[in-house]
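Coordinates in review
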Amino acid sequence: LMRQNLQPDDRVLMKIDIEGYEYQLFPHLLATGALCLVDYLHIEWHPNVLSSAMLLSGLSIREAMSMVLSGCPRPPTAITHE
C-alpha cells in the first residue's frame, strides 16, 4: 500500500505505539521493505506485555533494529523508547 501511494519526494513519518503488537508487526515491515520507505520512525516498545516465552525473541528484534535498518538505501531516522 505504501509503495502504491508514495511519490519520490514524499517524506514519511511512521509512529508505532501498539501495546506489544510492534513485535509482530516489525518483522513484517522489514520483510516487505516498507520500513525502507520511511524517513522518520518513532516506535514505542512494550516488553512488559510479552510472555516470558516471547521476551527473548522480542528483545532480539528490538536490539537488531538499527543494524537491520542500516541495510536500507536511505535508512530512516529512528526514535525508540519504552
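So, here is what we can say about the structure in this document. Given the structure is predicted, the values throughout are model-derived calculations rather than measurements.

Reading the values: rules and limits
Residues numbered from 1 in each chain as written. Predicted model: local features only at pLDDT ≥ 70, side-chain atom pairs only at ≥ 80, totals over all residues. Heavy atoms only, no water. Helix = DSSP H or I, 4+ residues; strand = E, 2+ residues; numbered from the N terminus. Polar contact = N/O pair within 3.5 Å; in protein donor to acceptor, adjacent residues only side chain to side chain. Contact = heavy atoms within 4.5 Å. Phe/Tyr/Trp six-rings, centres within 6.5 Å; stacked < 30°, edge-to-face > 60°. Buried < 20%, exposed > 50% of the residue type's maximum accessible area, 1.4 Å probe, protein only.

1. Notes on the side chain of His 46
Tracing the backbone shows His 46 in the loop between strand 2 (40-44) and helix 3 (52-69). A polar side-chain atom of His 46 sits 3.4 Å from a polar atom in the side chain of Glu 19. Polar contacts involving the side chain of His 46 include one to the main-chain carbonyl oxygen of Glu 44, which spans 3.2 Å. Excluding anything up to four places from it in sequence, His 46 contacts Asp 17, Ile 18, Glu 19, Gly 20, Glu 22 and Tyr 23.

2. Remarks on the packing of aromatic side chains
Across all of its chains, the model carries two aromatic pairs by this definition. Ring centres of Tyr 23 and Trp 45 lie 5.1 Å apart, and the angle between their planes is 45°; on these two criteria the pair is classed as tilted. Highlighted residues: Tyr 23 in helix 2 (residues 22-32) and Trp 45 in the loop between strand 2 and helix 3, separated in sequence by 22 residues. No difference in accessibility class separates Tyr 23 from Trp 45, as the two residues are buried. With a centroid separation of 5.7 Å and 70° between ring planes, the pair formed by Phe 26 and Trp 45 is classed as edge-to-face. Of the two residues, Phe 26 sits in helix 2 while Trp 45 sits in the loop between strand 2 and helix 3, which places them 19 residues apart along the sequence. For Phe 26, a relative accessible area of 1% corresponds to the buried category. Ring-pair connections join several aromatic residues into one group, and the members of that group are Tyr 23, Phe 26 and Trp 45.

These values are about where atoms sit, not about what they do.
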